[in-house]
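Summary of structural features
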Amino acid sequence: MKKILISLGVLLAIIVCGFAGYTYYKHTPTYSLTLIRDSVKNHDWDTFSRHVDTESVISNAFDDVIAVAMQDDAMDDTTKGLAQGFVQLLKPAMIQAMNDGVKNWVKTGEFKDGAADKNVQEQKKQQLAENFKEETNADSLTFKGVGNVTKEGKTAIVEIQFEDHKLNRDTSLKVQMNQLDDGTWQVVQIKDFQEYLLDEKKAREEKLAELNKPIQSEIDDRVTIGQLQAKIVNGDAWGFSKKLQLQAPLHLNSDKAIAALEGTLIFTNPDGKTYKKPYKVSLAVKAADSTLTLTHELNPFIDSEEKLESSLPQTKIEMKVEKLDYADGSSLALKKTLED
């Protein structure tokens, strides 16, 4: 009898400890992340929206994406200022479109709303949301697990681990979660999103450069541009507008006639700052050796271009050829994205 009582006592202790452990687990961030994962599988928007503050997450992520985009060397300070003002005007519509997209994704498994009766404005909002999703590389990430969890009161920082299929590597994000009244947790922000975006951008650029290396070599074999000569010329008879004129010796080494060159002009100012401008120049002369002439109209409202006339002698200009347009309609071009 004594042995039976001891056995029952041990069993009761196991049950109590197990229940206590389960109750504790239900109040951990990891358990709430499991609820979020299952809500996506089950298309349960109510559970998902309770444990993910989508408006807060998207709003903060939007600001991080813009902050990273403003670090692009291709834009000068004036352009960045104009762009920042423009995107802030778009922000409310973008957040609403992203919210709608996430809700539709949880409910149906599709980010886009396939309704045919959407008006043009709604279609534009949805396209902006699609672009935002692509910029964050969300489609290439697969959840792997939960890493370190740091709790302080009713706030936790949780590391979520992913596999990046496009870049063939593992990555992670840290999210902030706040505890709700029932003891479960809600995701409110991605804490290290700027760092993630910069790392992702660098990795994609390195992968893209690796893929483009043989293509760039082939382009360079077919087109050789000599030393650039630059000068500022009048854009009209009265001299109100100005143009940058570039000339250089051009050598073509191609079996097929090349109709045009496309690429990027890279300007390095005397202060060391760089900015980029796309160009396209048609080739009227089909001879192997000729002189390439390219003109670029200067915008007086862009600070770097307005100052170019006085700083031209100290400005380094590089002309990078990235695409050959052939007369037969075909082309040879660098990949612009990993999806190309």
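Read on for a plain summary of the structure.

All right, on to the packing of aromatic side chains then. Evaluation of the coordinates by the stated rule reveals four aromatic pairs. Arranged with centres 5.8 Å apart and planes meeting at 25°, the rings of W45 and F48 form a pair that is stacked. Remark: F48 and W45 occur in helix α3 (residues 45-51); sequence separation between them is three residues, near one turn of the helix. The buried category is assigned to W45, whose relative accessible area is 16%. Judged by its relative accessible area of 6%, F48 is buried. Ring centres of F143 and F162 lie 6.5 Å apart, and the angle between their planes is 80°; this geometry places the pair in the edge-to-face category.

Summarising burial for strand β8 (residues 258-268): eight of the eleven residues are buried, a large majority. Strand direction decides the pairing type here: β8 and strand β11 (residues 316-326), joined by ten bridges, are antiparallel. Pairing of T264 across the sheet is with K320, part of β11. Of the pairings in the sheet, the one linking β8 to strand β9 (residues 274-282) comprises nine bridges and is antiparallel in character. Directly across from I266, in β9, lies its bridge partner K276. Where β8 folds back onto β9 in an antiparallel hairpin, the turn is made up of five residues, including G272, whose phi is positive at roughly 95°.

Moving on: the sheet that holds strand β1 (residues 141-152). The strand order across the open sheet formed by four strands is β1-β2-β3-β4, and the pairing between neighbours is antiparallel. Either end of the sheet is taken by a strand with one partner, and the two such strands are β1 and β4 (185-190). The mean inter-strand angle of the sheet, taken between neighbouring strand axes irrespective of direction, is 35°. Pairing of β1 with strand β2 (residues 155-164), which is carried by nine bridges, proceeds in the antiparallel orientation. Looking across to β2, one finds that G145 is bridged to Q161. The sheet strands contacting helix α7 (residues 193-222) are β1, β2, β3 (169-179) and β4, and the helix crosses β3 at an angle near 165°.

Quick look at the pairing of β11 now. With three bridges connecting them, β11 and strand β12 (residues 331-333) associate as antiparallel partners. Residue L324 lies in a different strand from β12, and its bridge partner there is L332. Between β11 and β12, which follow one another and run antiparallel, lie four residues, and G329 among them has a positive phi close to 95°.

The strand order across the open sheet built from four strands is β9-β8-β11-β12, with neighbouring strands paired in antiparallel fashion. Bordering the open sheet on either side are β9 and β12, each of which pairs with just one other strand. Averaged over all adjacent pairs, the angle separating strand axes in this sheet is 25°, with direction ignored. In the packing of α7 onto the sheet, contacts are made with β8, β11 and β12, and the angle to β11 comes to roughly 95°.

Rules used in this analysis
- Just so you know, the residues in each chain are numbered from 1, in the order the chain's sequence is written.
- Given that the model is predicted, a residue must reach a pLDDT of at least 70 before its local features are reported, and side-chain atom pairs must reach 80 or more before they are shown or counted; all residues, however, enter totals for whole chains, interfaces and linings.
- The side-chain figures draw on all heavy atoms in the structure; neither hydrogens nor water molecules are used.
- Planes of paired rings set the category: under 30 degrees apart is stacked, over 60 is edge-to-face and the rest tilted, where pairs are Phe, Tyr or Trp rings (Trp by its six-membered ring) whose centres lie within 6.5 Å.
- Helix and strand labels come from DSSP, where a helix needs a run of H or I of at least four residues and a strand needs a run of E of at least two; each type is numbered from the N terminus.
- Throughout, exposure labels follow a simple rule: accessible area from a 1.4 Å probe, protein chains only, divided by the maximum for the residue type, with under 20% read as buried, over 50% as exposed, and the rest as partly exposed.
- A pair of strands counts as paired when DSSP detects no fewer than two bridges linking them.
- Here, axes are lines fitted to C-alpha atoms. For helices the fit covers the stretch in contact, and angles between N-to-C directions go from 0 to 180 degrees.
- Only heavy atoms matter for contacts: two residues are in contact if any of them lie within 4.5 Å across the pair.

Worth remembering: the numbers are spatial, not functional.
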